[in-house]
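Given next are the chains, with one letter for each unit.
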Amino acid sequence: MVTLSRRKSSTTRYFTSSRFLSRRQTIMADYQEAPLASRPKTLDPSEYFNLSAEKRRADEDRAAIRANLKRQYQTQLNDPHRKALVDDPALTRWVYARANPYPFFRPTFKTSLLGAMFGVVPLVVLYYVFKTDRDRKEAMIKAGTLERKFCLSS
Amino acid sequence: MRTSQSVRQQQPVNMAGVGFLRWAQALPKRKGSGIAGLLSGARAASGPSKDTILGPFPTTPEERAAAAKKYNMKVEDYEPYPDKGEGFGDYPKLPDRSQHERDPWYQWDHPDLRRNWGEPMHWDFDMFIRNRVDTSPTLLSWSSMCKQLFGSLGFILLMFYLGEIFPFYQAVAPKQYPYNNLYLERGGDPEKQPEEVKNYVI
């Protein structure tokens, strides 16, 4: 005499019901990646949904560029007459870009603030901190209130 | 006449002076202001060529296409850093993903860096190498990690604090000295009889 009691809520409830998931399991929609970390590829919805021919073509174009670069590199690498290193123009560009940002620098609010915060403020603050501390110590020595133990570290 | 001309040509002339004079004459015609106006805009021919150096922020679609081609990227993928005067120029903004995340089994041209030759490098590439910052997916959730770290640190600090308030150590008493608390050694009068000091209880 088993009566099937269909609870109305179970038919309308979403799959995120805790009856089907133990405490440790998470489903793809619930997974929250840590800040600044990435999502595992198996949990990336773009791998499963929105797959179109354009995306396929774009991937093929990227693969073509990559294959061309690989061909160039392997040709130079296996050249029997090559005596020098194989230059990497991407590396040259990167090094040049990192070393020469000055032509594109513009004083804006943000850049000025950063410059002031990291360049000017530490100098000024440290000057005042050290000066007041040492003046106070000097005054105490002159007044004779400073306890000067014989101690190797200050 | 001819001899005097050749003699004049052979007179030594200070090229530094000549260079300075030319620079001073060209100075009012310069466009930039401040230090940019004093420096020369030309680069030595021994340096990198125009297509390998950083260019200005691309504004037109043609500039974008040219920049994408320069960096070996598709035009759709190419995205420069926003032009906020921070010095990036037209360098592409690649996703902030560390080299830890790249496939360890693929045949990279440089396996230790997990990078192929000619591939555009991230601006912070030296930060994302495999010895340094790792952005791969974490094993635990952020909340779990925070709870574990701050929970254990907090507990340790709490115990230290309680240990300061309620110190627990072996019971000690002040040091006891013999001979009436060292009466003679402390400069007591040898003629006088010191008071008896009893440091024990039986």
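Residues numbered from 1 in each chain as written. Chains lettered and ligands numbered in written order. Predicted model: local features only at pLDDT ≥ 70, side-chain atom pairs only at ≥ 80, totals over all residues. Heavy atoms only, no water.

## Considering the overall build of chain B
For chain B, the count of helices and strands is six helices and zero strands. In sequence order, the secondary structure elements of chain B are arranged as α-α-α-α-α-α. Computed over its C-alpha atoms, the radius of gyration of chain B comes to 40 Å, more than 25% above the 17 Å expected for a compact globule of 202 residues. Its C-alpha atoms put chain B at 125 × 65 × 35 Å along the principal axes. For chain B, with 202 residues in total, the buried portion stands at 22%. Taking the intrachain contacts of chain B between residues at least 6 apart in sequence as the baseline, contacts between residues at least 24 apart amount to 35%. Of the roughly 16,000 Å² of accessible surface on chain B, a fraction of 60% belongs to carbon and sulfur atoms. Seen as two clouds, the 25 positive and the 24 negative side-chain charges of chain B have centres 13 Å apart. (Helix = DSSP H or I, 4+ residues; strand = E, 2+ residues; numbered from the N terminus. Rg over C-alpha atoms; globule rule 2.2 N^0.38 Å. Buried < 20%, exposed > 50% of the residue type's maximum accessible area, 1.4 Å probe, protein only. Contact = heavy atoms within 4.5 Å. Areas by Shrake-Rupley, 256 points an atom, 1.4 Å probe, with all protein chains shown as cover. Lys, Arg positive; Asp, Glu negative; His and termini not counted. Charge placed at Lys NZ, Arg CZ, Asp CG, Glu CD.)

## Some points on the interface of chain B and chain A
Taken together, the 45 residues of chain B in the interface contact 38 residues of chain A. It is Lys74, Trp117 and Trp123 of chain B in chain B that bury the most area against chain A; as a group they hold 22% of the surface buried on that side. Where chain B meets chain A, there are 18 residue pairs in polar contact (both at pLDDT 80 or more). (Buried area = accessible area lost by both parts, 1.4 Å probe. Polar contact = N/O pair within 3.5 Å; in protein donor to acceptor, adjacent residues only side chain to side chain.)

## With respect to the nonpolar core
Residues Tyr71, Tyr78, Tyr91 and Trp123 of chain B are the most contacted members of the largest nonpolar core, which totals 16 residues. Those elements that provide at least two residues to this core are α3 (89–99) of chain A together with α4 (61–70) of chain B. Residues in contact with Tyr78 of chain B, not counting those within four places in the same chain, are Pro58, Arg64, Ala67, Ala68, Tyr71, Met73, Asp90 and Pro92 of chain B. (Core = buried A, V, L, I, M, F, W, Y, C linked by side-chain atoms within 4.5 Å.)

## Considering the pattern of salt bridges
Should their charged atoms come close, side chains of opposite charge can pair. Evaluation of the coordinates by the stated rule reveals 17 salt bridges over all chains. Two residues, Lys70 of chain A and Asp109 of chain B, come together in a salt bridge whose shortest N-O distance is 2.9 Å. Placement of Lys70 of chain A in helix α2 (residues 53–77) and of Asp109 of chain B in the loop between α4 and α5 (142–165) is noted, with the two residues assigned to different chains. For Arg115 of chain B, the salt bridge goes to Asp88 of chain A, with nearest N and O atoms at 2.9 Å. (Salt bridge = Lys/Arg side-chain N within 4 Å of Asp/Glu carboxyl O.)

## Description of the confidence of the model for chain B
Of the residues in chain B, 90% reach a pLDDT of 70 or more, and the chain-wide mean stands at 87. Across the predicted assembly, pTM comes out at 0.72 and ipTM at 0.74. (pLDDT = per-residue confidence, 0-100.)

## Considerations on the side chain of Arg114 of chain B
All names here are of chain B. Relative to the elements of secondary structure, Arg114 occurs in the loop between α4 and α5. Put simply, Arg114 is tucked away with no salt bridge, and the nearest opposite charge, on Asp103, sits 7.5 Å away. A distance of 3.1 Å separates the side chain of Arg114 from the backbone oxygen of His100, its partner in a polar contact.

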